[in-house]
Amino acid sequence: MDVLSAAGRRKRDDSDDGSFYDNPRYVTHADAAFCQRLTALYDGVIDCGDRVFDAMGSWISHFPETELGHVVGHGLNADELAANDRYDEWFVRNLNEEQSLPLEDGAFDVVCCALSVQYLQFPEAVFEEFDRVLDGGGVVVVSFTNRMFPTKAIRAWRMASMADRANLVASYLRAGGLTVTDRVADDGPGDPFYAVVGRAGADRHQE
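Remember, predicted model here, so these are calculated numbers, not experimental data.

In this section: the overall build of the chain. The number of helices and strands found in the chain is 6 helices and 7 strands. A compact globule built from 207 residues would reach a C-alpha radius of gyration of about 17 Å, and the chain, at 16 Å, matches this within 12%. Expressed along its principal axes, the backbone C-alpha trace of the chain runs to roughly 45 × 35 × 35 Å. Looking at the chain residue by residue over its 207 residues, the buried ones come to 51%.

Structure, rendered in structure tokens:
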């Protein structure tokens, strides 16, 4: 099911995303209060030993101190991913060119996507992949604020209010086959903290 129109998927800068992210940026893309809220949210959904996929990640993931089972990172800058000490392994892939993930069905308990969903041009297909790689009852956490690289964010995101962006993310989850289970909206002070949480069907990948 298509959520976005062709116009909504457009970016101001349609040059190669890989080139744009070629140089590492060792920043958090949100203020300290946002990062603390994100860690607290993760702490409520991630259990000890969980297998986690950190989509569109970077040099820091804001995970709680919980001992995780296996963590796979993904992003566009190899240096940033290599610097993330929570990753057991990682890979580089431009999801605007290739939406499939080189990951097995049902391989993860949690999928995280922090501060990056605004750049996806084909989120319907990407969220289908999130659903595929989740085990039964697995959770997706998508978080965002009002910051972005405006030339690389899609038009539908740039034109939307924060509340409409939350609705957009919820529609991505549903298009991917996931159920929206929670929303968080806090407009401040500081960077707005927004998150949408979804869950895969409990019978996923069951024999």
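Let's shift gears to the pattern of salt bridges. Oppositely charged side chains can form a pair if their charged atoms are brought close together. One pass over the structure, following the stated rule, counts 9 salt bridges. Two residues, aspartate 2 and arginine 9, come together in a salt bridge whose shortest N-O distance is 3.8 Å. Aspartate 2 sits in the exposed class, given a relative accessible area of 64%. In this structure, aspartate 109 engages arginine 51 in a salt bridge whose closest nitrogen and oxygen atoms are separated by 3.0 Å. Separated by 58 residues along the polypeptide, aspartate 109 in strand β4 (residues 108–114) and arginine 51 in strand β1 (residues 51–55) bring together distant segments of the chain. For aspartate 109, a relative accessible area of 22% translates into the label partly exposed. Overlapping salt bridges, with partners in common, bring together Asp2, Arg9 and Glu124 in one network.

Bringing unusual backbone geometry into the picture now. A positive phi angle, near 55°, is found at methionine 56, a position not held by glycine. Judged by its relative accessible area of 16%, methionine 56 is buried. For histidine 62, which is not a glycine, the phi torsion comes out positive at approximately 65°. With respect to the secondary-structure elements, histidine 62 resides in the loop between β1 and β2 (70–75).

The subject of this paragraph is the UniProt feature "domain: Methyltransferase type" (unreviewed entry) in the chain. The sites that UniProt annotates as "domain: Methyltransferase type" (unreviewed entry) are residues 93–142. Taken end to end, residues 93–142 has its terminal C-alpha atoms 19 Å apart, with 22% of it in helix and 32% in strand.

The next subject is the side chain of histidine 74. With respect to the helices, strands and loops of the structure, histidine 74 is situated in strand β2. Within polar-contact distance, the side chain of histidine 74 engages the backbone nitrogen of methionine 56 at 2.8 Å. Sequence-distant contacts of histidine 74, defined by excluding residues within four places in its chain, comprise Phe53, Asp54, Ala55, Met56, Gly57, Leu81, Phe91, Arg93 and Leu95.

Time to look at the sheet that holds strand β7 (residues 193–199). Ordered by their spatial adjacency, 7 strands build an open sheet running β3-β2-β1-β4-β5-β7-β6, and the pairing between neighbours is mixed. The open sheet has two free edges, formed respectively by β3 (89–92) and β6 (179–186), since each of these has just one partner strand. Direction aside, neighbouring strands of the sheet carry axes that sit 15° apart on average. Its contacts with the sheet put helix α4 (residues 123–133) on β1, β4 and β5 (134–144), and the angle it makes with β5 is roughly 140°. Contacts between helix α6 (residues 162–175) and the sheet are confined to β5, β6 and β7, with β7 contributing the most and set at about 15° to the helix.

Rules and cut-offs
Residues numbered from 1 in each chain as written. Predicted model: local features only at pLDDT ≥ 70, side-chain atom pairs only at ≥ 80, totals over all residues. Heavy atoms only, no water. Helix = DSSP H or I, 4+ residues; strand = E, 2+ residues; numbered from the N terminus. Rg over C-alpha atoms; globule rule 2.2 N^0.38 Å. Buried < 20%, exposed > 50% of the residue type's maximum accessible area, 1.4 Å probe, protein only. Salt bridge = Lys/Arg side-chain N within 4 Å of Asp/Glu carboxyl O. UniProt positions renumbered as here; feature names shortened; annotations may be inferred. Polar contact = N/O pair within 3.5 Å; in protein donor to acceptor, adjacent residues only side chain to side chain. Contact = heavy atoms within 4.5 Å. Pairing = 2+ DSSP bridges. Axes fitted to C-alpha atoms, helices over the stretch in contact; angles between N-to-C directions.

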